[in-house]
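Descriptive analysis of the structure
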Amino acid sequence: MTKKGQRMLGAMDRATNLWHIPNVGRAKGRVIRRLIDRHRPTRAVEIGSLLGYSAILIAGSLPAGGRLICIEANDYLAKFVKANVAEAGLASRVKVVVGDALRAIPLLPGRFDLVFIDARKEDYLDYLRQLEARLTADALVIADNTGVFRKDVAPYLEYVRDPAGPWDSREYDFGDDCMEVSVRKV
Ligand SMILES: C[S@@+](CC[C@H](N)C(=O)[O-])C[C@H]1O[C@@H](n2cnc3c(N)ncnc32)[C@H](O)[C@@H]1O
């Protein structure tokens, strides 16, 4: 993580204590960083970027040579993501794609070993199913807000938790919300 990125995340964490800003936040961010340290992914894709908090967190935590593609539907927000990632000194690691994820995913180049899902809750399963053929054998998929939006993400949870399916999945419970972390079965 760059020093500037760390300072920016800290400032956003302080703001989030006062304002309702739906970024992934500090507690879940700590778990994401630990997972990245353990799995060492190098080709990441994020679906839903808002202002760039999770983009800075993920891009700043990837090992050397790691790259992140962010898909953000809102053109105005995507400009902030680009500007904030650049401000954090991470522009060379991050590409921001503007558009609806369900249209953008099929056009992404290459394969991915980390996915962070944090856009339209009812579409979580569709995002994953669209990406699945292009995920590596050891891919890690993190889905945010699976506690707060439990009903909306129910089909997603049913799929990744199916013992006969291709994922080993577990829930991280943060009290006020949950995050689902799924690792591809080998
Ligand atoms: C909860 S916010 C993301 C927060 C961000 N991941 C973070 O932790 O800093 C959800 C974002 O998803 C975007 N979004 C919603 N539907 C989308 C879609 N279909 N495709 C891409 N982005 C979408 C919204 O514009 C919003 O910026």
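Residues numbered from 1 in each chain as written. Predicted model: local features only at pLDDT ≥ 70, side-chain atom pairs only at ≥ 80, totals over all residues.

Within strand β5 (residues 135-144), seven of the ten residues are buried, which leaves the element mostly enclosed by the surrounding structure. As judged from the five bridges shared by strand β4 (residues 112-117) and β5, these two strands associate in the parallel manner. The residue bridging Val115 from the neighbouring strand is Val141, located in β5. Following the chain from β4 across helix α6 (residues 124-131) to the adjacent parallel β5, one finds a crossover that is right-handed. One ladder, built from five bridges, connects β5 with strand β7 (residues 178-184); its direction is antiparallel. The residue of β7 that forms the bridge with Leu140 is Val183. (Buried ≥ 20, exposed ≤ 12 C-beta atoms within 10 Å, placed from the backbone. Helix = DSSP H or I, 4+ residues; strand = E, 2+ residues; numbered from the N terminus. Pairing = 2+ DSSP bridges. Right-handed = clockwise from strand over helix to strand, strands pointing away.)

Near the ligand there are 19 residues, and of these Asn23, Val24, Gly48, Tyr53 and Ser54 occur at the shortest range. If you list the elements that add at least two residues to the shell around the ligand, you get α3 (53-61) and β2 (67-72). When grouped by side-chain class, the residues that make up the shell around the ligand number ten nonpolar, five polar and four charged. (Near = placed C-beta within 6 Å. Nonpolar A, V, L, I, M, F, W, Y, C, P; charged D, E, K, R; others polar.)

This next bit is on the packing of α3 against helix α4 (residues 75-87). Packed helix pairs are specified by the crossing angle of their axes together with the interaxial distance, meaning the distance between the axes. Running from amino to carboxyl end, α3 crosses α4 at an angle of 40°, the nearest separation of the two axes being 9 Å. Here α4 runs oblique to α3, going by the angle between their axes. For the pair α3 and α4, the sense of crossing is right-handed. Across the interface between the two elements, Ala55, Ile56 and Ala59 from α3 touch Val81, Asn84 and Val85 from α4. Residues that form the contact of α3 with α4 fall into these classes: five nonpolar, one polar and no charged. (Axes fitted to C-alpha atoms, helices over the stretch in contact; angles between N-to-C directions. Parallel < 35°, antiparallel > 145°, perpendicular 65-115°, else oblique. Left-handed = near helix turned anticlockwise from the far one by under 90°. Contact = placed C-beta atoms within 7 Å.)

What follows is about the sheet that holds β5. If you walk across this open sheet you meet the seven strands as β3-β2-β1-β4-β5-β7-β6, and the pairing is mixed. Because the sheet does not close on itself, it has two edges, and the strands there are β3 (94-98) and β6 (167-173). The sheet shows a mean angle of 15° between the axes of neighbouring strands, taken without regard to direction. Where α4 meets the sheet, its contacts fall on β2 and β3, and the angle it forms with β3 comes to roughly 175°. Across the sheet, α6 is in contact with β1 (43-47), β4 and β5; its angle to β4 comes to roughly 170°.

Where β6 lies against β7, seven bridges are found, and the strand directions are antiparallel. Considered in β7, the bridge of Trp167 is made with Arg184.

Attention now moves to the packing of helix α1 (residues 3-18) against α3. Relative orientation of the contacting elements α1 and α3 amounts to 145°, with a least axis distance of 10 Å. Where α1 crosses over α3, the two elements pack in a sense that is left-handed. Along its contact with α1, which presents Gly5, Met8, Leu9 and Met12, the element α3 presents Tyr53, Ile56, Leu57 and Gly60.

Here α3 lies mainly inside the structure; nine of its nine residues are buried. Taken residue by residue, α3 has Tyr53, Ser54, Ala55, Ile56, Leu57, Ile58, Ala59, Gly60 and Ser61 as its buried positions.

Counting residues in hydrophobic clusters, the biggest one holds 52 residues, and the most contacted among them are Ile56 and Ile117. Once residues within four sequence positions are removed from consideration, Ile117 is found in contact with Ile47, Tyr124, Tyr127, Leu128, Val141, Ala143 and Asp144. (Core = buried A, V, L, I, M, F, W, Y, C linked by C-beta atoms within 7 Å.)

In this section: the environment of Arg103. When you line up the elements, Arg103 lands in helix α5 (residues 101-104). For Arg103, a count of 12 C-beta atoms within 10 Å puts it in the exposed group. Expressed as a C-alpha distance, the spacing of Arg103 and Tyr127, which sit 24 residues apart in the sequence, is 10.0 Å.

So far we have only geometry, and geometry alone does not tell us how the molecule works.
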